[in-house]
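Here is what each chain is made of, one letter per residue.
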Amino acid sequence: MDIHVEATLDSRATTPPGAAEIQWFDKALSGPLAPLVRAEEHGEAITRSLIEQSSSGKEIKFAHLGKNRHRLDEELAKRPKWAVTEFYGDDVLGRVRTRRILPSESFYQFAMALQANQEQRADAAFCTALVEFLAAALDEVNPVFARIEYDIFDDETNLDIALLRDIDESIPEGRTYLRGYAWVTVCPQELLQRLGGSGELQQCGAFTRVIPFRSGGALLQASETLADYTDDVMRRVFEALAGILPPGDPSSDPAFPEVRFVPEDASRFGHPS
C-alpha cells in the first residue's frame with residue numbers, strides 16, 4: 001500500500017473512544033475505501049475483520065463486511081483493544097484500524113492505508129477526498145496529532161525517526177511538541193494557539209488549506225496534491241511549524257530511506273511564547 005493516514009487520541013479527546021472508533025471506520029469505509037467496499041459487493045475483493053475485546057481478550061473474526069457492518073459497529077462500541085478490517089485482491093488493497101497503545105493503553109491510534117498510483121497522487125479530487133475524510137473523522141475529537149503520508153507506514157513520524165525519538169516519548173509529549181510534519185499535518189489546539197491560531201497559519205503562505213476543527217486544533221494541508229509536496233513545499237511547512245517542533249539535530253537513518261525531513265534543528269528558528 002502507498003498511502004498512510006494516522007491519528008492519535010488521548011484522554012482529552014472530546015468524543016468517547018468507542019464512538020470515535022465507529023466514526024473512523026465509517027468515514028473511511030464511506031470515503032477513501034468506498035471503492036473497495038463496492039468491489040467486495042461485486043465479488044472483486046474479499047474482506048477480513050479481526051477484533052480483540054479488552055474485557056474478555058476474545059478475538060473475533062468475520063469476513064463479508066457488507067453482511068457484517070452492523071456487527072462491526074457493535075464490537076467497536078465496546079472499545080476493543082484493537083480492531084482491523086482489510087481488503088484483499090492479489091495483495092492487500094486497503095486497511096482501516098484502531099488500537100490502544102502506550103502505558104496502560106491510555107492512547108488510541110487510528111490508521112487507514114490504501115494503494116494509490118502515480119496518477120492518483122497527482123489527482124486533486126483523489127487527494128481532496130483523503131483530506132476531507134481526515135477532517136470529517138477528527139472534527140469533533142480533539143486529537144493529539146494526525147498525518148497523511150506517502151510510502152511511510154511506521155508508528156514513528158518523520159521526526160521521531162530523524163531525532164531517534166520513540167513513540168513512548170513523542171506521543172505523550174504530543175501537546176507540548178508537534179510530533180512531525182507531512183503533506184497533511186493535524187496540529188492540536190494547545191500548539192495551534194502558540195502559533196497564533198488558524199488564521200495566522202492561513203496567512204503565512206505555507207499551506208494551501210487550513211481546516212479548523214470544532215473540537216480544537218486544525219488540519220494543515222501543504223499542497224493541493226501528494227505529488228506537489230516537493231522539498232521546497234516541505235521546507236515552508238517546517239519553517240511555519242518550527243516553533244512547536246521538538247529540538248534536536250535530525251539525521252538520516254539508512255533503515256528508513258523514504259523518510260523526508262528538513263535537516264535543521266527547529267529550535268534555531270526560535271519558539272513562540
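Look up a bit, the structure's there.
Computed from a predicted structure; not experimentally measured.

Student: Account for unusual backbone geometry, with residues named and values stated.
Tutor: Its identity is not glycine, yet H64 carries a phi of approximately 55°, on the positive side. Looking at the element boundaries, H64 is found in the loop between β3 (59-63) and α3 (65-76). Non-glycine residue R79 carries a positive phi angle of around 60°.

Student: Please provide a residue-by-residue account of the packing of aromatic side chains, values included.
Tutor: Aromatic rings considered in pairs are described by the distance between their centres and by the relative angle of their planes. Tallied over the full model, the rule gives 5 aromatic pairs. Residues Y181 and F238 carry aromatic rings whose centres are separated by 5.8 Å and whose planes lie at 55° to one another, so their mutual orientation is tilted. With Y181 in the loop between α7 (167-170) and β8 (184-187) and F238 in helix α10 (residues 231-241), this pair connects stretches of sequence that are 57 residues apart. Judged by its relative accessible area of 1%, F238 is buried. Aromatic pair F238 and F269: ring centres 5.2 Å apart, planes at 90°, arrangement edge-to-face. In this pair, F238 sits in helix α10 while F269 sits in the segment after α10, placing the two residues 31 residues apart along the sequence. One aromatic cluster is present, built from ring pairs that chain together W24, Y108, F110 and F133.

Student: Report on the sheet that holds strand β7 (residues 145-150), specifying residues and quantitative values.
Tutor: Spatially, the 10 strands line up as an open sheet ordered β3-β2-β4-β5-β6-β1-β7-β8-β10-β9, and their pairing is antiparallel. Strands at the two margins of the open sheet, each flanked by one partner only, are β3 and β9 (209-212). Across the sheet, the mean angle separating the axes of adjacent strands is 10° when strand polarity is ignored. Bridge count for strand β2 (residues 46-52) against β3 is 5 bridges, and the pairing is antiparallel. Its bridge partner being in β3, I51 is matched across the sheet by I60.

Here is what the cut-offs are and how they apply
- Residues numbered from 1 in each chain as written.
- Predicted model: local features only at pLDDT ≥ 70, side-chain atom pairs only at ≥ 80, totals over all residues.
- Heavy atoms only, no water.
- Helix = DSSP H or I, 4+ residues; strand = E, 2+ residues; numbered from the N terminus.
- Phe/Tyr/Trp six-rings, centres within 6.5 Å; stacked < 30°, edge-to-face > 60°.
- Buried < 20%, exposed > 50% of the residue type's maximum accessible area, 1.4 Å probe, protein only.
- Pairing = 2+ DSSP bridges.
- Axes fitted to C-alpha atoms, helices over the stretch in contact; angles between N-to-C directions.

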